[in-house]
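Letter by letter, the chains look like this.
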Amino acid sequence: MAIELTEKLLAQIDGYLKGTLSITESDAFKKRLQNEPELQEEVRLQQQLFDTLGTEEWHTIHAANNKERLAELKSKIRSKEYQNLSANIRNAETVYFNQENKGRSFQKYYRYIAAAAVIILFFGIYVTQINSSYSSYYEDHINWSEELPSFTEKGQQKDFFYQGEVAFKQEKYKEAAAFFQKVTPTHELYTHSLVNLGASYDMLDENEKAIATFQKLASVDDVYENSKGNWYTAMMYLKMENKDKAIEALRKNIVDTESFKYNEAKILLRKLE
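Rules used in this analysis
- Residues numbered from 1 in each chain as written.
- Predicted model: local features only at pLDDT ≥ 70, side-chain atom pairs only at ≥ 80, totals over all residues.
- Heavy atoms only, no water.
- Helix = DSSP H or I, 4+ residues; strand = E, 2+ residues; numbered from the N terminus.
- Buried < 20%, exposed > 50% of the residue type's maximum accessible area, 1.4 Å probe, protein only.
- Contact = heavy atoms within 4.5 Å.
- Areas by Shrake-Rupley, 256 points an atom, 1.4 Å probe, with all protein chains shown as cover.
- Polar contact = N/O pair within 3.5 Å; in protein donor to acceptor, adjacent residues only side chain to side chain.
- Salt bridge = Lys/Arg side-chain N within 4 Å of Asp/Glu carboxyl O.
- Phe/Tyr/Trp six-rings, centres within 6.5 Å; stacked < 30°, edge-to-face > 60°.

(A) Just the overall build of the protein, in detail. The helix and strand tally for the protein stands at 16 helices and 0 strands. Going through the 273 residues of the protein one by one, you find that 39% of them count as buried. When contacts within the protein are restricted to residue pairs at least 6 apart in sequence, long-range pairs at least 24 apart make up 55% of them. With an accessible surface of roughly 16,600 Å², the protein has 50% of that area assigned to carbon and sulfur atoms.

(B) Highlighting the side chain of D202. Relative to the helices and strands, D202 resides in helix α12 (residues 190–203). The exposure class assigned to D202 is buried, which follows from its relative accessible area of 2%. Within the structure, D202 has its side chain in polar contact with the side chain of Y138 (distance 2.7 Å). A polar contact of 2.6 Å, which involves the side chain of D202, links it to the side chain of K239.

(C) Representation of the environment of N196 within the structure. Its location among the elements puts N196 in helix α12. Between the C-alpha atom of N196 and that of G164, which follows or precedes it by 32 residues, the distance is 8.3 Å. Every residue in contact with N196, bar those within four places of it in the chain, is listed here: L148, F161, F168 and F180. There is a polar contact of 2.6 Å between the side chain of N196 and the backbone oxygen of H192.

(D) Structural view of the side chain of S193. Along the chain, S193 turns up in helix α12. Ignoring anything within four residues of it in the chain, the contact list for S193 reads F161, F180 and V183.

(E) Structural detail: the pattern of salt bridges. Applying the stated criterion across every chain yields a total of 6 salt bridges. With its nearest N and O atoms 2.9 Å apart, the salt bridge here joins D205 to K239. Here D205 is found in the loop between α12 and α13 (207–217), whereas its partner K239 is found in helix α14 (residues 223–239), with 34 residues between them in sequence. On the accessibility criterion, D205 (54% relative accessible area) is exposed. Residue class for K239 comes out buried when judged on its relative accessible area of 18%. Two residues, K209 and E206, come together in a salt bridge whose shortest N-O distance is 3.4 Å. Residue K209 is classed as partly exposed on the basis of its relative accessible area of 45%. Sharing partners across several salt bridges, the network here consists of D202, D205 and K239.

(F) Up close: the packing of aromatic side chains. Taken as a whole, this structure holds 9 aromatic pairs when the rule is applied. Considering the side-chain rings of F168 and Y173, the 5.0 Å spacing of their centres and the 70° angle between planes classify their relative orientation as edge-to-face. Each member of the pair, F168 as well as Y173, carries the same accessibility label: buried. An aromatic cluster is present here, built from W144, F214, Y224, Y232 and F260 joined pairwise through their rings.

Shown next, in the form of structure tokens:
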């Protein structure tokens, strides 16, 4: 049966690998290691992750308490493909340091150097793929409970916009979308209704409809309001992991310095490009 990786145990493993445990703690941990093969395996995996990812990335993963991500990485390390490549690295070290004839051709060791390059590339690409989730930018920038201003007032219950706003606050997103769809372009809050409608589709995971709505907002004459459309369009594309389309929308968002979230768009654009 697998050991339970509690927060306390993970902290002990981390301290053991970094050498920050006290002498008493270290001795106790080493004694436990001698008697628990599963713990030995876990420490070995953690050591490989630590060596491969580096200190900064290692602590980023643990700070986020991303158990799924750690599980993926450990699974990759356990894979036959990784283990075979790792064995090649060890062989390369043995051959290089124990070779007696220094005059031998460099070509003899080329395949070992190539193996080292492959394992670095192999694992590096894997880690990069895990870290390159563009949807994380969407999650960092979108919180509809904070994004959407409230316009609800008493005595306006029959207005489609206000009915939609109430439904959205009650997390009845399908009902909210139906109300916001009925708001006409002549309504004083029409552009706000488009934002709310797009947000409703977003919460329903109807991403294409959300994009179409935000693009409609991006076509209005008001510069500030249409820049909102570009910004939210970019966010939806990031949610869908479509970097190129997100960049396209963000570029439109920084044409005017008075645009909605102009500074955030510039910073995000630099990260994506």
